[in-house]
Amino acid sequence: MSAGARQAAAPRMLRNRGNTRMIIVGWLLMFGTVFWFFNSWSERDANPNRNVFAPADTEIRLVRNRAGHYVADGEINGERVTFMLDTGATTIALPGALARRLGLKLGSEVEISTAAGPAVAHPTRLASVRLASIEMRDLSAVVSERMQPDDVALLGMNFLKRLEMVQRGNELVLRPLAAKRLV
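None of these values were measured; they are calculated from a predicted model. (Residues numbered from 1 in each chain as written. Predicted model: local features only at pLDDT ≥ 70, side-chain atom pairs only at ≥ 80, totals over all residues. Heavy atoms only, no water.)

(A) Quick look at the nonpolar core. Formed by 31 residues in total, the largest nonpolar core has its most connected members in Ile92, Leu94, Leu155 and Phe159. Examining the composition of this core, we find that five residues originate from one element, strand S7 (residues 134–144), more than from any other. (Core = buried A, V, L, I, M, F, W, Y, C linked by side-chain atoms within 4.5 Å. Buried < 20%, exposed > 50% of the residue type's maximum accessible area, 1.4 Å probe, protein only. Helix = DSSP H or I, 4+ residues; strand = E, 2+ residues; numbered from the N terminus.)

The structure is reproduced here in C-alpha cells:
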C-alpha cells in the first residue's frame, strides 16, 4: 500500500472507531434504560404504596401488592422504612439489620412464637411509628435476626388495633378510631 493510500485510510479507520464507540454507547444506554424501567416496575409491583399521603385524621388507602400483601412505606423514629401489615403479629417486628440501621437498643433475649415456629428475639421500644398521617408513640417491638427480608418491618397489632380497617377487593382502608365514620 502506498503512503498516499495509507494516509487516506487513516481518517476512515478513525471514523470507523468513532462510529463503533457511538454504537457501543448507544447499546449501553438502551440496556440501562430497559434495566431501570423493569427495576422500577418490579419495585412498584412489590410495594404499590411507596409514597402514601393522607391529611391528618383522614383515611389511608393501601393497594394490595402482587403477592397479596399490604406493603407501604412509613417511618420508625423518623427514619424511612417499609412496612408489611401483619394482623397475625401481636407486636411490631423488625429484622436485625433494620434495627441496627435505626440504632435501636435491644433488651435481653426472649423466645417468641412465629408462623415459622419458635424464634429468638430482643424486645425494644420505638419512640414513634408513622404510616402516612397516622403516628403513634412509644410502642413495643421485637427484633429477630431470622426475619427475611432484612429490610421490611412487620406492622403488628399493637399499631393496627388502634385503627379501623376495612378491606374492599384489593384495597385496605385505614382510619384512626377517633375519626371513625359510617361506611
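(B) Expanded view of the pattern of salt bridges. Evaluated as defined, the whole model comprises nine salt bridges. Residues glutamate 59 and arginine 175 are paired through a salt bridge, measuring 2.9 Å at the closest nitrogen-oxygen approach. Taken together, the positions of glutamate 59 in the loop between helix H1 (3–46) and strand S1 (60–63) and arginine 175 in strand S10 (residues 171–176) put the pair 116 residues apart, joining distant regions of the chain. Judged by relative accessible area, glutamate 59 falls into the buried class, the value being 18%. Arginine 175 gets classed as buried once you look at its relative accessible area, which sits at 6%. For aspartate 138, the salt bridge identified is with arginine 125, shortest N-O distance 3.2 Å. Of this pair, aspartate 138 sits in strand S7 while arginine 125 sits in strand S6 (residues 117–131), and the two are 13 residues apart along the sequence. Taken together, the salt bridges that share partners define one network made up of Glu59, Arg61, Glu164, Glu171 and Arg175. (Salt bridge = Lys/Arg side-chain N within 4 Å of Asp/Glu carboxyl O.)

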